[in-house]
Amino acid sequence: MSKILDRVGQQLLVADKDPNFGNSPILVAMSNPKSSFYQGLAKFPRRVLYSNVVHDLSVPYCTSAIYHINPYTINESDIKTSKRYPHVVESEKRSPSAQEHKDPCVHIQNSDPNMEIDISNSTGEHGAHLKQMLVDLQMLEWERVACYFTEVPGMAHFLILNQPPMLPGEDVVQHFVDNFQL
């Protein structure tokens with residue numbers, strides 16, 4: 001079991017060298033537009049990402065939204081949620097400001113899980129892999145649904161995936177069900 005976890009950990013950190021993919025990390029190979037994985041993903045007419053906007057320790061916003069910035073960390077107090085789905089941020093058509101729009105960023109686990117670390121000037125193979133994955137995945141069209149949980153900081157995935165009665169993520173699951181399309 002420890003070998004499996006070690007391998008998965010290396011894959012998630014983009015630190016593996018998979019001989020089946022020319023010694024590239026498997027996630028880099030999968031996010032390449034020429035790969036069968038990417039081409040299969042591209043065939044879906046609709047791709048939806050649900051992302052918690054702040055305080056998610058397991059999957060920060062930029063990772064789950066496949067987006068280079070988190071516009072919600074600028075003015076967290078301005079976040080408005082839906083009346084029907086209290087944990088779903090009201091959709092607003094807005095473009096990032098000049099301050100927010102910068103080169104690709106990724107979240108790297110550290111003491112501040114919402115901190116964006118600029119990789120635009122990263123050197124070495126790892127930084128290049130991260131940038132390329134972000135650029136390639138952003139070429140696909142994504143619908144992004146922003147969620148906002150304050151009940152248990154860092155535990156959004158736990159709240160969404162747990163079963164009722166009346167847990168805070170139930171409205172997000174209902175949003176998914178109400179908006180599901182084949």
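Cut-offs used in this document
- Residues numbered from 1 in each chain as written.
- Predicted model: local features only at pLDDT ≥ 70, side-chain atom pairs only at ≥ 80, totals over all residues.
- Heavy atoms only, no water.
- Salt bridge = Lys/Arg side-chain N within 4 Å of Asp/Glu carboxyl O.
- Helix = DSSP H or I, 4+ residues; strand = E, 2+ residues; numbered from the N terminus.
- Buried < 20%, exposed > 50% of the residue type's maximum accessible area, 1.4 Å probe, protein only.
- Arc of directions from axis to C-beta.
- Patch = residues over 30% accessible without salt bridge, like charges linked within 9 Å, V, L, I, M, F, W, Y side chains within 5 Å.
- Areas by Shrake-Rupley, 256 points an atom, 1.4 Å probe, with all protein chains shown as cover.
- Phe/Tyr/Trp six-rings, centres within 6.5 Å; stacked < 30°, edge-to-face > 60°.
- Lys NZ or Arg CZ within 6 Å of the ring centre and 35° of its normal.

In this structure, what is going on with the pattern of salt bridges? I would like to understand it.
A complete count under the given rule lists 3 salt bridges for this structure. Lys 17 is the partner of Glu 125 in a salt bridge, and the nearest nitrogen-oxygen pair spans 2.8 Å. Here Lys 17 lies in the loop between α1 (2–12) and α2 (26–30) and Glu 125 lies in helix α5 (residues 124–138), a separation of 108 residues in the sequence. Its salt-bridge partner being Glu 143, residue Arg 46 comes within 2.7 Å of it at the nearest N-O pair. With Arg 46 in the loop between α3 (36–42) and β1 (48–52) and Glu 143 in strand β4 (residues 143–147), the pair connects residues that are 97 residues apart, well separated along the chain. On the accessibility criterion, Arg 46 (24% relative accessible area) is partly exposed. Since its relative accessible area comes to 34%, Glu 143 is described here as partly exposed.

What am I meant to see in helix α7 (residues 170–179) here?
One turn of the α-helix equals 3.6 residues, which is why residues spaced by three or four share an orientation. Within α7 the residues assigned to the buried category are Asp 171, Val 172 and His 175. Looking straight down α7, one finds its buried side chains confined to an arc of 105°; they lie on one side.

Sorry if this is basic, but what is going on with a nonpolar patch on the surface here?
Judged by side-chain polarity, Val 173, Phe 176, Val 177 and Phe 180 come together as a nonpolar surface patch covering roughly 360 Å² of accessible area. Following the sequence through the fold, Val 177 ends up in helix α7.

Quick question: what am I supposed to make of the packing of aromatic side chains here?
What characterises a pair of aromatic rings is the spacing of the ring centres plus the angle enclosed by the ring planes. Applying the stated criterion to the full structure yields 4 aromatic pairs. Residues Tyr 61 and Tyr 72 carry aromatic rings whose centres are separated by 5.7 Å and whose planes lie at 75° to one another, so their mutual orientation is edge-to-face. Of the two residues, Tyr 61 is situated in helix α4 (residues 61–64) and Tyr 72 in the loop between α4 and β2 (105–106); the sequence distance between them amounts to 11 residues. Given a relative accessible area of 6%, Tyr 61 falls into the buried group. With a centroid separation of 5.8 Å and 55° between ring planes, the pair formed by Phe 176 and Phe 180 is classed as tilted. Among the residues examined, Phe 176 registers a relative accessible area of 41% and is labelled partly exposed. Put simply, the rings of Tyr 50, Phe 176 and Phe 180 pair up and form one aromatic cluster. The cationic tip of Arg 47 hangs over the ring face of Trp 142; the distance from NZ or CZ to the ring centre is 5.8 Å.

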